[in-house]
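Now for the letters of each chain:
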Amino acid sequence: MLWTQLLTMENEGVPMAETLPRPPFDPELEAVLAVLAEALPPAITPEMIPVLRQGLPGAIPIDELLAEAGVERVDHVIPGYGAADIEVSVLRRIGSTGVGPGVFHTHGGGMIIGDRFTGIGQILPWIVEHGAVAVTVEYRLAPEFPDPYPIEDCYAGLVWTAENAHELGIDPERLIIAGASAGGGLAAGTALLARDRQGPALAGQVLIYPMLDDRDETVSTAQVNGVGVWDRTSNITGWSALLGDRRGTADVSIYAAPARATDLSGLPPAFIDCGSVEVFRDEDVAYATALWHAGTQAELHVWPGGFHGFDQMAPQSAIGQAMVAARDAWVARLLSQ
């Protein structure tokens, strides 16, 4: 029923702008896309948001997923932006004691969907293999809660994590931030806020195909139009929900759209990855380049033929496994320091 509704909405969707020639998809991933296309339209429009919030059919319940990984969960209510209550969940290896590294997680979903457990499988290996304690935040979603609610909720969660590091079993000198897609953009924005407010020190930032730029001006956004996963229309939908009429204007902060930052000095080392056939490719490459120009360490991977989120949607593909391995290796090196 969910996908029938989405496909109906897609067939009634807005006309697409002219596209540019694009790099080819990886052959293995193209086969996966053909299957996905039968159920999941590439373009998300505003009227689809309530349907998408119903969740994916057949998704594994979070408690079952955590139990299979040997991870336990404790929920807390903390003050978010404007002193309103938000939730965070603390995840640790079952039976874990002592102090280990910390991971503050900001989930994906285009600023409009998802919850604090969206994409959590990407960080579970860091908990299991490195004894990390993760805190994942339930920031409030647009359009009901537009900017600055999401970024300020994330920053409030980071501050709470740092202030309670000892009780949580986190070594404050090994606290990193991580997020995918919209969560990657929020992770980058939160790192900027922490720098500018002299907030919690971060040892690193893991920006997984991050959503960084609201301006819809790159070549990659024009190339990925009506194809793949999270195309140009979807991106405009997400940014418009977050920013409203401010999208694309000068009235957008660097914390909401980190690609707008002109000074990336004083930030923690970054890991950035993306596919070569996704909207975020050019802004992610530009952000890594700007970090290098500012004298900040960054590792960048652009996976040839990859669509947005292919590591999660095609985890058994050769390129998906390579993407995860490179990311996990960087985290392992960082957390072992």
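The present account deals with the structure reproduced in this document. (Residues numbered from 1 in each chain as written. Predicted model: local features only at pLDDT ≥ 70, side-chain atom pairs only at ≥ 80, totals over all residues. Heavy atoms only, no water.)

## Brief notes about the overall build of the chain
Next, step 1: Looking only at helices and strands, one finds 13 helices and 8 strands in the chain.
Next, step 2: At 19 Å, the chain has a C-alpha radius of gyration in line with the 20 Å of a compact globule built from 337 residues.
Next, step 3: A separation threshold of at least 6 residues defines the contact pool for the chain, and within that pool the share at least 24 residues apart is 77%.
Next, step 4: Carbon and sulfur atoms make up 56% of the accessible area of the chain, which totals about 13600 Å².
Next, step 5: Computed over 18 positive and 43 negative side-chain charges, the separation of the two mean positions in the chain equals 4 Å. (Helix = DSSP H or I, 4+ residues; strand = E, 2+ residues; numbered from the N terminus. Rg over C-alpha atoms; globule rule 2.2 N^0.38 Å. Contact = heavy atoms within 4.5 Å. Areas by Shrake-Rupley, 256 points an atom, 1.4 Å probe, with all protein chains shown as cover. Lys, Arg positive; Asp, Glu negative; His and termini not counted. Charge placed at Lys NZ, Arg CZ, Asp CG, Glu CD.)

## Side note on the packing of aromatic side chains
Next, step 1: With the rule as written, the count across this model stands at 4 aromatic pairs.
Next, step 2: With a centroid separation of 5.1 Å and 85° between ring planes, the pair formed by Tyr81 and Tyr149 is classed as edge-to-face. One end of the pair, Tyr81, is in the loop between β1 (71–79) and β2 (85–93); the other, Tyr149, is in helix α6 (residues 149–163), with 68 residues separating them in the sequence.
Next, step 3: The partly exposed category is assigned to Tyr81, whose relative accessible area is 32%.
Next, step 4: Looking at Tyr149, the relative accessible area reads 29%, which means it is partly exposed.
Next, step 5: With centroids separated by 5.3 Å and ring planes inclined at 65°, the aromatic side chains of Phe145 and Tyr149 adopt a geometry described as edge-to-face.
Next, step 6: In this structure, Arg140 packs its charged tip against the face of Phe145, placed 5.3 Å from the ring centre.
Next, step 7: Note that Arg197 overlies the ring of Tyr155, its terminal NZ or CZ placed 5.0 Å from the centroid. (Phe/Tyr/Trp six-rings, centres within 6.5 Å; stacked < 30°, edge-to-face > 60°. Buried < 20%, exposed > 50% of the residue type's maximum accessible area, 1.4 Å probe, protein only. Lys NZ or Arg CZ within 6 Å of the ring centre and 35° of its normal.)

## As for the sheet that holds strand β5 (residues 170–180)
Next, step 1: In spatial order, the strands read β1-β2-β4-β3-β5-β6-β7-β8; together these 8 strands make up an open sheet with mixed pairing. The sheet is open, and its two edges are formed by β1 and β8 (298–303), each paired on a single side. Geometrically, the sheet is characterised by an average inter-axis angle of 20° between neighbouring strands, direction not taken into account.
Next, step 2: Both strand β7 (residues 270–275) and β8 contribute to a ladder of 6 bridges, which runs parallel. Residue pairing for β8: Phe271 is matched across the bridge by Glu299.
Next, step 3: Packing against the sheet, helix α8 (residues 182–196) makes contact with β3 (100–106), β5 and β6 (204–208), and its axis sits at approximately 140° to β5. (Pairing = 2+ DSSP bridges. Axes fitted to C-alpha atoms, helices over the stretch in contact; angles between N-to-C directions.)

## Looking at empty space enclosed by the protein
Over the atoms a probe the size of a water molecule is rolled, and this reveals where empty space is left.
Next, step 1: In total, this model carries 1 cavity of 30 Å³ or more according to the counting rule given.
Next, step 2: The computed volume of the largest cavity comes to approximately 30 Å³.
Next, step 3: For the largest cavity, the full set of lining residues is Met111, Asp147, Pro150, Ile151, Leu186, Leu242, Tyr255 and Ala256.
Next, step 4: Classifying every residue of the lining of the largest cavity by side-chain character gives 7 nonpolar, no polar and 1 charged. (1 Å grid on protein atoms, 1.4 Å probe; cavity = no way out; pocket = protein on both sides within 12 Å on 5 of 7 lines; lining within 4 Å. Points joined across faces, edges and corners; volume = space filled by probe spheres on them. Nonpolar A, V, L, I, M, F, W, Y, C, P; charged D, E, K, R; others polar.)

## Digging into the side chain of Ser276
Next, step 1: Position of Ser276 among the secondary structure elements: in the loop between β7 and α11 (281–293).
Next, step 2: Classification of Ser276 by relative accessible area gives buried; the value is 10%.
Next, step 3: A polar atom in the side chain of Ser276 sits 2.7 Å from the backbone nitrogen of Gly305.
Next, step 4: In contact with Ser276, not counting residues within four places along its chain, are Pro23, Arg281, Val302, Trp303, Pro304, Gly305 and Gly306. (Polar contact = N/O pair within 3.5 Å; in protein donor to acceptor, adjacent residues only side chain to side chain.)

## Here we look at the environment of Ala31
Next, step 1: One can find Ala31 in helix α2 (residues 27–36).
Next, step 2: Spatially, the C-alpha atoms of Ala31 and Ala314 are 9.9 Å apart, while their sequence positions differ by 283 residues.

## A few points about the pattern of salt bridges
Next, step 1: Within the structure shown, the criterion is met by 18 salt bridges.
Next, step 2: When the shortest N-O distance is used, the salt bridge between Arg333 and Glu299 registers 3.0 Å. On the criterion of sequence distance, the pair formed by Arg333 in helix α13 (residues 318–335) and Glu299 in strand β8 is long-range, its members being 34 residues apart.
Next, step 3: Among the residues examined, Arg333 registers a relative accessible area of 44% and is labelled partly exposed.
Next, step 4: On the basis of relative accessibility, which here comes to 22%, the residue Glu299 falls in the partly exposed class. (Salt bridge = Lys/Arg side-chain N within 4 Å of Asp/Glu carboxyl O.)

## Overview of the nonpolar core
Next, step 1: Core analysis: the largest hydrophobic core is formed by 97 residues, its most contacted members being Val103, Val135, Val206, Tyr287 and Leu291.
Next, step 2: Ranked by residues supplied to this core, first place goes to α8 with 8 residues. (Core = buried A, V, L, I, M, F, W, Y, C linked by side-chain atoms within 4.5 Å.)

## Some details on the side chain of Glu283
Next, step 1: Secondary-structure assignment places Glu283 in helix α11.
Next, step 2: The charged side chain of Glu283 is buried without a salt bridge, its nearest counter-charge being Arg215 at 8.3 Å.
Next, step 3: A polar contact is formed between the side chain of Glu283 and the backbone nitrogen of Leu212, at a distance of 2.8 Å.

## With respect to the packing of α6 against α8
Next, step 1: Where α6 meets α8, the axes come as close as 9 Å, and the angle between the chain directions of the two elements is 65°. Where α6 crosses over α8, the handedness of that crossing is right-handed. On α8, the residues touching Pro150, Ile151, Cys154, Tyr155 and Leu158 of α6 are Leu186, Gly189, Thr190, Leu193 and Ala194. (Left-handed = near helix turned anticlockwise from the far one by under 90°.)

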